[in-house]
Amino acid sequence: MPGTGPVDVDFLEAPCSQETAEEVIRDVTRSDIPPSRNLGTFVSPECDPHIDTLVRRWSRHNLINRAEYPGVTILEHRCLAMLRHLWHGSADTGGCATTGSSEAAVIAAAELLRRWRKQNHDQQPNLVLGPTAHTCWLRFCMFWNVEPRLLPPRQGEPISDPAAVASSCDAGTIGAVATLGSPEFGLYDPVHEVSTALDELHARTGLDIPLHVDAASGGFVAPFLQPEFPWDFRLDRVVSINASGHKYGLTRPSVGWLLWRTSWSTMDELALAAPYIGTGAPEPTLSFSRPSAPVVEQYLQLIRRGRSGYRATHLRSRDIAERVARQLAEQPDIEVLSGGSDLPVVTFTAGSPASAAVTDLTTSLADKGWHIPVYQSRTPTHPTTGRIVVRSDMSSDLVDELTTDIARASHTFAAKGES
Ligand SMILES: *Cc1c(COP(=O)(O)O)cnc(C)c1O
């Protein structure tokens, strides 16, 4: 893979010309594929010139300059209020904008640890994670010296096993994390069942384990496509939720959201006041300076689309995911594992363990300029898995092209195998 070797360029003494600088950048990034053909990423910038203009205008406003740009803070609080309603919070639900779900996850986990520490001093803390927990939770555990308890999947399904979550908790458990939309399969953990299992644990043993929902992708999808599915503040045990604005919240990178059930004021101990920038208001985030543009864009998207707009957009993506899944299922030796039932994500594996069908297919598609990630899944039954993330910026033409290329690619490698 290019770009992974050691790099050594010295700091130039003399400036180089604008033309040369641009040429170098174009040259070095030549092999980077256009985002529209990157079928592995959840990040979906809509190509809209009006939004580009708006975003450019706000990219120079530092979000942390609260006193200077109070209007942006109002927009941030309006986004938080809308998300509080969307996720069935109450008036005392508070939160903050972050640079993405990773930052939100780390802050949420740090808050779980802080609360747990108030009662426990001597023990080694642990965090109970579902089988598809995102790597950001493992990073938190590593940096904060918390034991990660990464659980095996439920029998036959790559999702959390509620009974295993409850039985893995002990007095050292700072919290449990459920994933709403696993990055690997796009499937939702059975959050309500996990919540019930923890309620039963509480009644039986007195262990009261807080539940966080990592809804990086699903937080902006489930409320529109599966409004009856209870995963959010409707469940009393859910203390906090994070989501990425730049995934199905439909903004450019980078913005995420973190909401707590309890009011903002209980965060005062965690939040570090920043008096020298004017307001002295608490900021619980890890990042300090960052552009206002993604927050302004999030506000724009939320009000421009409304609930029905998000629903229509995600329904279309789900239809595309189902179409791509059908196309894949018709290919020789390919088995579809998930095809848009929760997130509009299609995952597939080879029909038999020894088969190279997944790598053959994705390599052929790479020749057509598509990037489809193939990875070794943590779920042992389906080791080599390919994943296609359907995003709202996929045009109908692009979908036609993709499904045609899938059909052609399979024929090519099937024919090669026979000769
Ligand atoms: C993408 C993702 C993250 C990380 O989110 P960023 O916004 O990229 O930081 C965390 N958890 C889950 C479940 C994700 O899908």
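Since the structure is predicted, the reported quantities are computational estimates derived from the model, not experimental observations.

Core analysis: the largest hydrophobic core is formed by 58 residues, its most contacted members being Trp87, Leu180, Leu198, Trp231 and Trp257. A domain-level breakdown of this core finds at least three residues from each of domain 1 (52-304) and domain 2 (307-417). Those residues in contact with Trp87 that lie beyond four places of it in its chain are Gly219, Pro223, Trp231, Asp232, Phe233, Arg234, Ile241, Ala243 and Leu259. Ile320, Ala325, Phe348 and Ala357 belong to the second-largest nonpolar core, a separate cluster that totals 24 residues.

Our next topic: helix α3 (residues 70-86). Relative to the 24 Å expected for 17 residues at 1.5 Å per residue, α3 spans 24 Å between its end C-alpha atoms, a close match to the ideal helical length. Buried residues of α3: Val72, Thr73, Leu75, Glu76, Cys79, Leu80, Leu83, Arg84 and Leu86, and no others. Downstream of α3 by one or two residues, His88 has phi in the positive range, about 60°.

Attention now moves to the domain arrangement of the protein. When its domains are assigned, the protein resolves into domain 1 (52-304) and domain 2 (307-417). Centre-to-centre, using C-alpha coordinates, domain 1 lies 29 Å away from domain 2. Contact residues are listed per partner, giving 28 residues for domain 1 and 24 residues for domain 2. Summed over both partners, the interface of domain 1 with domain 2 comes to about 2300 Å²; 59% of that surface belongs to carbon and sulfur atoms.

Attention shifts here to the sheet that holds strand β11 (residues 345-350). Ordered in space as β10-β11-β13-β12, the four strands form an open sheet in which the pairing is antiparallel. In this open sheet, the two edge strands, each paired with only one partner strand, are β10 (334-339) and β12 (374-376). Averaged over all pairs of adjacent strands, the angle between their axes in this sheet comes to 30°, without regard to strand direction. Judged from the five bridges that link them, β10 and β11 form a sheet pairing that is antiparallel. By the bridge assignment for β11, Val336 is matched with Phe348. Docked against the sheet, helix α10 (residues 357-367) engages β10, β11, β12 and β13 (384-389), running at close to 125° with respect to β11.

Here the focus is the site of the ligand. Around the ligand there are 14 residues in total, and Ser102, Asp214, Ser244, His246 and Lys247 lie nearest to it. The separation between an oxygen atom of the ligand and a polar main-chain atom of Ser101 is 2.8 Å. Taking Asp214, its side chain carries an N or O atom lying 2.7 Å from a nitrogen atom of the ligand. In the complex, 87% of the free accessible area of the ligand, which totals 380 Å², lies under the protein chains. When grouped by side-chain class, the residues that make up the shell around the ligand number three nonpolar, nine polar and two charged.

Attention now goes to the pairing of β13. In terms of burial, β13 is largely enclosed, as five of its six residues are buried. Across five bridges, the pairing between β11 and β13 is antiparallel. Bridge pairing in β13 places Thr347 opposite Arg387. Pairing between β12 and β13: three bridges, direction antiparallel. Each bridged residue has a counterpart across the sheet, and for Gln376 the counterpart in β13 is Thr384.

Attention now goes to the UniProt feature "modified residue: N6-(pyridoxal phosphate)lysine" (unreviewed entry) in the protein. If you check UniProt for "modified residue: N6-(pyridoxal phosphate)lysine" (unreviewed entry), the listed places come out as Lys247 in our numbering. Examined against the element boundaries, Lys247 turns out to sit in the loop between β6 (238-244) and β7 (256-260).

When the terminal C-alpha atoms of helix α4 (residues 101-117) are compared, their 24 Å separation across 17 residues agrees well with the 24 Å that a helix rising 1.5 Å per residue should span. Among the 17 residues of α4, 14 are classified as buried, and the element is accordingly described as predominantly covered.

Spatial ordering of the open sheet is given by β1-β7-β6-β5-β4-β2-β3, a layout of seven strands whose pairing is mixed. The sheet terminates laterally at β1 (94-98) and β3 (147-150), the two strands that pair on one side only. Ignoring strand direction, the axes of neighbouring strands in this sheet form an average angle of 20°. As paired elements, strand β2 (residues 126-129) and strand β4 (residues 173-179) share four bridges and run parallel to each other. Bridge pairing in β4 links Leu127 to Gly175. Relative to the sheet, helix α5 (residues 135-144) contacts β2, β3, β4, β5 (211-214) and β6, its axis offset from that of β2 by approximately 170°.

Quick look at a nonpolar patch on the surface now. A cluster of nonpolar side chains, contributed by Met142, Phe143, Trp144 and Leu286, occupies part of the molecular surface with about 480 Å² of accessible area. Overall, the relative accessible area of 54% leaves Leu286 in the exposed class.

Once that is clear, we can look at the environment of Gln331. Its place among the elements puts Gln331 in the loop between α9 (293-329) and β10. For the pair Gln331 and Arg408, spaced 77 residues apart in the sequence, the C-alpha separation amounts to 9.7 Å. The contacts of Gln331, once residues within four sequence positions are left out, are Ile406, Ala407 and Ser410. Only 2.7 Å separates the side chain of Gln331 from the backbone oxygen of Gln327, close enough to count as a polar contact.

Moving on to the packing of aromatic side chains. In total, this model carries six aromatic pairs according to the counting rule given. Geometrically, the ring pair formed by Phe42 and Tyr248 is edge-to-face, given 6.3 Å between the ring centres and 85° between the ring planes. Here the residue Phe42 occupies a position in the loop between α1 (18-28) and α2 (49-58), and Tyr248 occupies one in the loop between β6 and β7, the gap between them amounting to 206 residues. Of the residues examined, Phe42 reaches a relative accessible area of 7% and is grouped as buried. Judged by relative accessible area, which is 2%, Tyr248 ranks as buried. An angle of 10° between the planes, with centres 5.2 Å apart, marks the rings of Phe224 and Tyr310 as stacked. Of this pair, Phe224 sits in helix α8 (residues 222-225) while Tyr310 sits in helix α9; the two residues are 86 residues apart in sequence, bridging distant segments of the chain.

Parameters at a glance
- Residues numbered from 1 in each chain as written.
- Predicted model: local features only at pLDDT ≥ 70, side-chain atom pairs only at ≥ 80, totals over all residues.
- Heavy atoms only, no water.
- Core = buried A, V, L, I, M, F, W, Y, C linked by side-chain atoms within 4.5 Å.
- Buried < 20%, exposed > 50% of the residue type's maximum accessible area, 1.4 Å probe, protein only.
- Domains from an automatic or database assignment.
- Contact = heavy atoms within 4.5 Å.
- Helix = DSSP H or I, 4+ residues; strand = E, 2+ residues; numbered from the N terminus.
- Expected span 1.5 Å × (residues − 1).
- Buried area = accessible area lost by both parts, 1.4 Å probe.
- Pairing = 2+ DSSP bridges.
- Axes fitted to C-alpha atoms, helices over the stretch in contact; angles between N-to-C directions.
- Near = heavy atom within 4 Å.
- Polar contact = N/O pair within 3.5 Å; in protein donor to acceptor, adjacent residues only side chain to side chain.
- Areas by Shrake-Rupley, 256 points an atom, 1.4 Å probe, with all protein chains shown as cover.
- Nonpolar A, V, L, I, M, F, W, Y, C, P; charged D, E, K, R; others polar.
- UniProt positions renumbered as here; feature names shortened; annotations may be inferred.
- Patch = residues over 30% accessible without salt bridge, like charges linked within 9 Å, V, L, I, M, F, W, Y side chains within 5 Å.
- Salt bridge = Lys/Arg side-chain N within 4 Å of Asp/Glu carboxyl O.
- Phe/Tyr/Trp six-rings, centres within 6.5 Å; stacked < 30°, edge-to-face > 60°.

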